[in-house]
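Descriptive analysis of the structure
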Amino acid sequence: MRSMAVGVRAGRRAQLRKPFCWQHSCCNHVRVDVRVEVTGERSADELRSLREWLVAEESLRGRVRLVARPPSEGTLGTGLDALVIALGNVGAFTGFATVAVTWLKRRAGRMEVKITRPDGSTLVVSSDLVLPQTAQELRETADRLTRDLASRPDEVDG
């Protein structure tokens, strides 16, 4: 993985730029489901917390669902694995990026939010990045994440 200027890392060499319609190549309509994982202490609890923040955002209501993993051998019940978020318009992309960055800033301890797109490319935002940031820098990080999420999966930065 390589680091981007504001600390969002792009996996599989995919730092993405231009809006792209996942349904039609003729317009700027974007439809993408992203998988979101949280790493760090108490990741299942933190995943639930992130979900609460996301569903409180009007542009994301009805677009966020928890994904459970199968129970481990000898255990009862399932564990939380990830969130899947249906992003389909600029408001949803912006809402998700803003909430994710703000939520991460308010967490205690070191953790990361890993976002995986349908093509397998990943973006990772770390608490190490956002904790020391000013309000303006947080807005810039959220804007960068919004642009990268809404970009074409086949475009690679240099």
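The rules behind each value
- Residues numbered from 1 in each chain as written.
- Predicted model: local features only at pLDDT ≥ 70, side-chain atom pairs only at ≥ 80, totals over all residues.
- Heavy atoms only, no water.
- Helix = DSSP H or I, 4+ residues; strand = E, 2+ residues; numbered from the N terminus.
- Buried < 20%, exposed > 50% of the residue type's maximum accessible area, 1.4 Å probe, protein only.
- Contact = heavy atoms within 4.5 Å.
- Axes fitted to C-alpha atoms, helices over the stretch in contact; angles between N-to-C directions.
- Parallel < 35°, antiparallel > 145°, perpendicular 65-115°, else oblique.
- Left-handed = near helix turned anticlockwise from the far one by under 90°.
- Nonpolar A, V, L, I, M, F, W, Y, C, P; charged D, E, K, R; others polar.
- pLDDT = per-residue confidence, 0-100.
- Expected span 1.5 Å × (residues − 1).
- Core = buried A, V, L, I, M, F, W, Y, C linked by side-chain atoms within 4.5 Å.
- Pairing = 2+ DSSP bridges.

1. A short note on unusual backbone geometry
- For Arg 42, which is not glycine, the phi dihedral falls at a positive 50 degrees.
- One can find Arg 42 in the loop between strand 3 (32–40) and helix 1 (43–56).
- Among the residues examined, Arg 42 registers a relative accessible area of 56% and is labelled exposed.

2. Concerning the environment of Val 101
- Along the polypeptide, Val 101 turns up in helix 2 (residues 90–105).
- For Val 101 and Ser 127, which are 26 residues apart along the polypeptide, the C-alpha to C-alpha distance reads 8.7 Å.
- Sequence-distant contacts of Val 101, defined by excluding residues within four places in its chain, comprise Val 130, Leu 138, Thr 141, Ala 142 and Leu 145.

3. A word on the packing of helix 2 against helix 4 (residues 135–149)
- The interhelical angle for the contact between helix 2 and helix 4, taken along N-to-C directions, is 135 degrees, at an axis separation of 8 Å. As far as their axial angle goes, helix 4 and helix 2 are oblique. The handedness of the crossing between helix 2 and helix 4 comes out as right-handed. Note on element contacts: helix 4 touches helix 2 through Leu 138, Thr 141, Ala 142, Leu 145, Thr 146 and Leu 149, opposite Phe 93, Thr 94, Phe 96, Ala 97, Thr 98, Val 101 and Lys 105.
- Here the residues of the contact of helix 2 with helix 4 sort into 8 nonpolar, 4 polar and 1 charged.

4. Structural notes on the confidence of the model for the protein
- For the protein, per-residue confidence averages 78 on the pLDDT scale, and residues scoring 70 or more make up 72% of the total.
- When the criterion is pLDDT under 50, residues 1–27 qualifies, and its contacts beyond four places in sequence or with other chains add up to 86 contacts.

5. Topic: helix 2
- Along its 16 residues, helix 2 runs 23 Å from first to last C-alpha, staying within 8% of the 22 Å computed at 1.5 Å per residue.
- Along helix 2, the residues that are buried comprise Ala 92, Phe 93, Gly 95, Phe 96, Ala 97, Val 99, Ala 100, Val 101, Trp 103 and Leu 104.

6. Notes on the nonpolar core
- Judged by nonpolar contacts, the single largest core of 34 residues is most densely connected at Val 36, Leu 54, Ile 85, Leu 87, Phe 96, Ile 115 and Leu 149.
- Every element with two or more residues in this core is listed here: strand 3, helix 1, strand 5 (79–87), helix 2, strand 6 (111–116), strand 7 (122–126), helix 3 (127–130) and helix 4.
- Considering each element in turn, this core owes the most residues, 9 residues, to helix 2.

7. Some thoughts on the pairing of strand 6
- Counting buried positions over the 6 residues of strand 6 gives 5, a clear majority of the element.
- Pairing between strand 3 and strand 6: 6 bridges, direction antiparallel. Paired with Glu 37 across the two strands is Lys 114, which belongs to strand 6.
- Where strand 6 meets strand 7, 5 bridges bridge the pair, whose relative direction is antiparallel.

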